[in-house]
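Coordinate inspection notes
Single-letter residue listing:
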Amino acid sequence: MEFQLLGPVTVAGGSGSVPLGPAKRSSLLAALLLRAGTPVSVDALTETLWDGEPPMHARTVIQGHISRLRALLVEAGLDAYGVELATQGGAYSLQLPETLLDVNRFEDLVTLAGRQREASDAALMLREALALWNGPALTGTVATEPMLAAARSLEESRLVTVEQLADAYGRLGSHGQAVGLLTAESVQHPLRESLVAALMRALQRCGRQSEALEYFNRTRELLAEELGVDPGKKLRRAYEEILAGEPDTGAHPMLGNPPPRRRGRYDLGLGGAKTAPGAPGAPASPGAPAFPAAPAGPGGPAAPGGPGAPVAPGAPAQAAEGSRPVQRGGPSPAERGRESGEGRARLTMPGADSRGTGPAATAPAGPAAPAAGPPPGPVIPRLLPRAPRAFAGREEQLAALKAVLVEETEAPIVLLTGAAGVGKTALALQWAHHHAAPHPDGQLFADLRGFSGGAPAHPERILREFLLALGVRQQEVPAGIEPAAALYRSLLAERRVLVVLDNAHDSAQVRPLLPGAPHCTTLITSRNRLDGLVASDCARPVPVGMLGERDGAELFLRALGQRPGLDADSVDVRRIARLCDGLPLALRIAAARLIGRPQRTVAGLAAELADGEQRLALLSAEDTGVAAALRTSVAQLPGSDTRLLAWLAHASTPDVDAHAASSLAGMDVAAAHQGLDRLAAAHLIQEEGSGRYVLHDLVRLFARGLEAPGPAAAPRPRAEEPRRSVPDSSM
């Protein structure tokens, strides 16, 4: 659901593009979108649509188009997204979330690219920005001078972004990509000197010096023939460097923090054209309506014909950037203004005052907005939940975690995997709280909800939360998972941060959340093995199994609190630890059944848990329990694996292999082997030895309630497969 101006003017709804009708209506919508959130007077809209020659009933025509636009927006369901076309006195204002307009997303991506430390991240964002373009801007609108001026302004933004992307490619050493990108644009804009200079340098870096000089000579002739000017300073400097054979280091930075701007104020013809962030503007052609540029800062003189000066109708927007007349020497005033950073353009609307409702006047750009992005000074996030209470055991896993930190010197990734309720989150938080000191720049934590009963958390939402925690302003968080991930990695590039990703669903969910910094540590918990993450990102798996009987008894006692005569060697305490399978979740719930009930005894609870029919019910408490945790794991299985688990629960032997599972479930051996492996990856069964699998008692009790398996016909064994004794399945 979005409004598109970077190409044909389009309203993309959930079921496709919304038919806007005649060009006047599309132009009216475009004019309102270019000044979204700002009242635009009827007089200004009249000037935009008819270019000084309106019909007698222009106001009535505009009112009709406004009424139809309102109906179209409602029909498309855009009102549910906060889109409103409001009347404010003698003006109209289109209110909408900024992310619904492709121009805003384009600006945001270009702005964020300018803040990246890594050229790869900048290139990623700039490519995303250029991918938003679907052709010449404002296609399908009326060919009035205000609409043409706005289209030229947007095209200037695109060209500057192309040059920035080429610069990023140069920093990455991808000079061939830069040449390909710039060559295509130079065909369409042969007089744009900054573009030709960038192409010449890219060709030089590729060892194509003669082609670079040929481009210079061709451009010099075109400038003289068509505009009567010599090459400007940028083009001359590139030419002189190539002639002198000076080694090119690629130090021609185009990326950097852009100047402050006001959102959505593109010029519609009577004032200075709004340039792209950091873009140099073209000087006004003779006869163009001059308008003074706003000073760059206190006391800064405005540069006549500086950046953003209006372009005369028919004059090429790219012509003679930085050029000077043939008969004059030295840089032009426009060049001096660009080089000093002066001459920010005013942004105007025909017939609009600074509020967009009065007579024709310029709308000053206003005081500089505060720099976008994180506020000064690093923000140190502390997102870890509290450390677990009554933690016991896990010495082996804690030692493995410590060893990973010692052995992995760059961006260690640790993967804690285990069954539902085995205490992976508690172990992760216990370790994280005790190792906060090596991560002084903060700790990030997110529940990825991989097995929480609903849809897993989308990585883009988690990235948004992390960026906000790292100090990025809400309006500056980029839309899209790749730009958000690039900004996230950039912010962590020089920091020592611990990232805890709890309850992950699969490897694809985790990858965008991995920091790229060498000094960051990532700790992941999941019920799945996440073999893909181990293979692609060298994650170090640390399996988390059931607690031993003594550790289980110790955890039960710590959760229970002080009771006279009880210790970890008490017979009844040990019995409860065994009946709970050493599962921390079960042990905590068992202790909760006794806390606050002094009349109940540990021996009595052990006797109740011994009843297999009641055990799972006893190990449930309000919104948590062993059965509920297992249910969310089983819900992720394909139907064939769920049926296989139910059959395994009815097996008469404590362990099975693929042949036994094949006979139990009525499937071939290969399918049974694959199903067993998937169940083991989900930690619903455990592989003991080579090819033999066991179910823990609590899983067996739960799986018996999944379905009532009917008799399964064992598949005919292949000739090469010896028959094996199969446990009796006539239970």
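Let me sum up the structure you'll find in this document.

1. So, the overall build of the protein
- Helix and strand counts for the protein come out as 27 helices and 20 strands.
- Residues classed as buried in the protein amount to 51% of the 731 residues present.
- Residue pairs in contact within the protein that sit at least 24 positions apart in sequence constitute 71% of those at least 6 positions apart.
- Approximately 31600 Å² of the protein is accessible, and the part contributed by carbon and sulfur atoms is 52%.

2. Some words on the packing of helix 6 (residues 145–172) against helix 7 (residues 175–188)
- Their axes nearest at 7 Å, the elements helix 6 and helix 7 cross at an angle of 160 degrees. Considered as vectors, helix 6 and helix 7 are oriented roughly antiparallel to each other. For helix 6 against helix 7, the interelement crossing comes out left-handed. Within the contact between the two elements, helix 6 uses Arg 158, Leu 159, Val 162, Leu 165, Ala 166, Tyr 169 and Gly 170 and helix 7 uses His 175, Gln 177, Ala 178, Leu 181, Leu 182 and Glu 185.
- Here the contact of helix 6 with helix 7 is built from residues that sort into eight nonpolar, three polar and two charged.

3. Describing the nonpolar core
- Phe 3, Leu 138 and Ile 524 are the most contacted members of the largest nonpolar core, which has 118 residues in total.
- Top contributing element to this core by residue count: helix 6, with 10 residues.
- With near-sequence residues (within four places) excluded, Phe 3 lies in contact with Thr 10, Val 11, Leu 29, Leu 33, Leu 73, Leu 78, Val 83, Leu 96, Leu 100, Leu 101 and Asp 102.
- Formed by 80 residues, the second largest nonpolar core is a distinct cluster that contains Val 404, Ala 426, Leu 498 and Leu 645.

4. A look at the sheet that holds strand 20 (residues 693–694)
- If you walk across this open sheet you meet the three strands as 18-20-19, and the pairing is antiparallel. The sheet is open, and its two borders are formed by strand 18 (655–656) and strand 19 (686–687), each paired with just one other strand.
- Across two bridges, the pairing between strand 18 and strand 20 is antiparallel. Residue pairing for strand 20: Val 656 is matched across the bridge by Tyr 693.

5. Regarding the pattern of salt bridges
- According to the stated counting rule, one finds 24 salt bridges in the structure shown.
- Across the salt bridge formed by Arg 600 and Glu 608, the nearest N and O atoms sit 2.5 Å from each other.
- Three or more residues are tied together by salt bridges with common partners; here these are Glu 155, Arg 158 and Glu 185.

6. A closer look at the packing of aromatic side chains
- Tallying each qualifying case throughout the model produces three aromatic pairs.
- Taking the centre distance of 3.8 Å and the plane angle of 10 degrees together, the rings of Phe 216 and Tyr 239 count as stacked. On the criterion of sequence distance, the pair formed by Phe 216 in helix 9 (residues 209–227) and Tyr 239 in helix 10 (residues 233–244) is long-range, its members being 23 residues apart.
- You can call Tyr 239 partly exposed: its relative accessible area is 22%.

7. A word on the sheet that holds strand 5 (residues 84–88)
- Here three strands make up an open sheet; going across it, the order is 4-6-5 and the pairing antiparallel. At either end of the open sheet lies a strand with only one pairing partner, and these are strand 4 (40–41) and strand 5.
- Across two bridges, the pairing between strand 4 and strand 6 (residues 91–95) is antiparallel. Bridged to Ser 41 within strand 6 is Ala 91.
- Running over the sheet, helix 3 (residues 58–75) touches strand 5 and strand 6 and is turned about 145 degrees from strand 5.

8. Describing the packing of helix 8 (residues 193–205) against helix 10
- Two numbers describe how helix 8 lies on helix 10: the axes approach to 8 Å, and their chain directions differ by 15 degrees. With respect to each other, helix 8 and helix 10 are oriented roughly parallel. Two packed elements cross with a definite hand, and for helix 8 against helix 10 that hand is left-handed. Together, Glu 193, Ser 194, Val 196, Ala 197, Met 200, Arg 201 and Gln 204 of helix 8 and Lys 234, Leu 235, Arg 237, Ala 238, Tyr 239, Glu 241 and Ile 242 of helix 10 make up the contact between the two elements.

9. Describing the pairing of strand 6
- Most of strand 6 is tucked away: four of the five residues are buried.
- Two strands pair when backbone bridges link them, and strand 5 and strand 6 are joined in this way by five bridges, in the antiparallel orientation. By the bridge assignment, Leu 85 is partnered in strand 6 with Leu 94.
- Counting the residues that bridge the hairpin from strand 5 to strand 6 gives two residues, and of these Gly 89 lies at a positive phi of roughly 65 degrees.

10. As for the environment of Thr 111
- Considering the arrangement of structural elements, one finds Thr 111 in helix 4 (residues 102–113).
- Of the residues examined, Thr 111 reaches a relative accessible area of 6% and is grouped as buried.

11. A closer look at helix 15 (residues 481–491)
- The buried count for helix 15 comes to eight of 11 residues, which makes it a mostly enclosed element.
- All buried positions along helix 15 are accounted for by Pro 483, Ala 484, Ala 485, Ala 486, Leu 487, Tyr 488, Ser 490 and Leu 491.
- Taken together, the buried residues of helix 15 touch helix 4, helix 5 (119–131), strand 12 (443–447), helix 14 (459–469) and strand 13 (498–504).

The rules behind the values
- Residues numbered from 1 in each chain as written.
- Predicted model: local features only at pLDDT ≥ 70, side-chain atom pairs only at ≥ 80, totals over all residues.
- Heavy atoms only, no water.
- Helix = DSSP H or I, 4+ residues; strand = E, 2+ residues; numbered from the N terminus.
- Buried < 20%, exposed > 50% of the residue type's maximum accessible area, 1.4 Å probe, protein only.
- Contact = heavy atoms within 4.5 Å.
- Areas by Shrake-Rupley, 256 points an atom, 1.4 Å probe, with all protein chains shown as cover.
- Axes fitted to C-alpha atoms, helices over the stretch in contact; angles between N-to-C directions.
- Parallel < 35°, antiparallel > 145°, perpendicular 65-115°, else oblique.
- Left-handed = near helix turned anticlockwise from the far one by under 90°.
- Nonpolar A, V, L, I, M, F, W, Y, C, P; charged D, E, K, R; others polar.
- Core = buried A, V, L, I, M, F, W, Y, C linked by side-chain atoms within 4.5 Å.
- Pairing = 2+ DSSP bridges.
- Salt bridge = Lys/Arg side-chain N within 4 Å of Asp/Glu carboxyl O.
- Phe/Tyr/Trp six-rings, centres within 6.5 Å; stacked < 30°, edge-to-face > 60°.

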